[in-house]
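# Architecture at a glance
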Amino acid sequence: INLSKFYDADAHDVLWDDLDTAVRYATRFLDNVVEVTPYFFDENERQQKSERRVGLNNMGLAELLIKLGIRYGSDDSLTFIDKLYSFIARASYETSIGLAKERGAFPQFQAEPFLASGFMQTMPADIREQVRKHGIRNVTLLTQAPTGTTGTMVNTSTGIEPFFSWKHYRKSRLGFHEENAQIAQDWFNDNPGADTLPDHFVTAMELTPEEHVRVQAAIQRWVDSSISKTANVPN
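Small disclaimer: the values here were computed from a predicted structure and weren't measured. One numbering rule holds for all chains: residues counted from 1, following each sequence as written. Whole-chain, interface and lining totals are the exception, using all residues; otherwise, since this is a predicted model, local features are given only for residues with pLDDT of at least 70 and side-chain atom pairs are given and counted only at 80 or more. Side-chain measures here rest on the full set of heavy atoms in the structure, leaving out hydrogens and waters.

## Digging into the nonpolar core
This is how the line gets drawn: Residues grouped as a nonpolar core are buried Ala, Val, Leu, Ile, Met, Phe, Trp, Tyr and Cys residues, joined through side-chain atoms within 4.5 Å. Relative accessibility under 20% of the residue-type maximum defines a buried residue, over 50% an exposed one, and the middle range a partly exposed one, all with a 1.4 Å probe and only protein chains included. Strands are runs of DSSP state E lasting at least 2 residues, helices are runs of H or I lasting at least 4, and numbering of each runs from the N terminus. Two residues qualify as a contact provided that any one of their heavy atoms is within 4.5 Å of a heavy atom in the partner residue.
Ranked by size, the top nonpolar core spans 57 residues in total, and within it Leu84 and Tyr85 carry the most contacts. Those elements giving two or more residues to this core turn out to be helix 1 (16-36), helix 3 (61-68), helix 4 (75-103), helix 5 (111-115), helix 6 (118-121), helix 7 (125-134), helix 9 (182-190) and helix 10 (209-220). By residue number, the principal contributor to this core is helix 4, which donates ten residues. Here Tyr85 is in contact with Leu3, Asn58, Leu61, Gln144, Ile160, Ile219 and Trp222, once residues within four sequence places are set aside.

This is the structure in structure tokens:
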């Protein structure tokens, strides 16, 4: 999910209803993928279908923060990130619980051991109770991968990272060329004569290691699988 696409310019907020719909559709889609994948080894099919492990991922967080006027790594960003990722986790978990009602829980599901996990112990009480009552379709639902290629392809911030730089150079089969972050270029286009970006436009070269870690901590609170975070810092 490209989070930068869920900015509501009129309300200067997140398009929460649209994001909720996207998370629920994506969770259902990923469960369908488990079913229709051609497995070349019976052992792989048995293992995957016994757990139905999926990992809904996102990119564009840093771009969304900039659009909202929030500096990546600030206290305000941590508060917002907690709200955002708890919202995503709830929508995904509610969908997987609904799928368990429709299609059955993953075959290895046992309520008490599942609820005893460190992650589930910190989930909201109503989600825990629904899982106990109805089961859940997927053993894991959420992950955070780097999305380096896909994020670059659609010209947004990759994974949960800040922008590395507003301007960088790429060497490819087409040669050596300059690339500019579109969001920074758009701001300069809208503010002719300005020569510096506002403070909430921040790159990896302006962040402390502690700010990177605090962002990761705020996000991984709501990630039940694995998370990738890179702390690019100045020399």
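## Let's talk about the layout of surface pockets
Using the following cut-off: The pocket and cavity definitions rest on a 1 Å grid over protein atoms only: a 1.4 Å probe that fits but cannot leave marks a cavity, an open set with protein on both sides within 12 Å along at least five of seven lines marks a pocket, and residues lining either have an atom within 4 Å of a point. Grid points are joined across faces, edges and corners, and a volume is the space filled by probe spheres set on the points. Think of it as three bins: nonpolar holds Ala, Val, Leu, Ile, Met, Phe, Trp, Tyr, Cys and Pro, charged holds Asp, Glu, Lys and Arg, and polar takes everything else, Gly as well.
Put simply, the largest pocket is a space of about 440 Å³. Lining the largest pocket are 23 residues, and of these Thr152, Thr156, Thr158, Phe163 and Phe164 sit closest to its centre. The greatest single-element share of the lining of the largest pocket, amounting to three residues, is contributed by helix 8 (residues 148-153). Class assignment for the residues of the lining of the largest pocket results in six nonpolar, 14 polar and three charged. The wall of the second largest pocket is formed by 16 residues, among which Glu63, Lys67, Gln182, Ile183 and Asp186 lie closest to the centre. Looking at which element gives the most residues to the lining of the second largest pocket, the answer is helix 9, with five residues.

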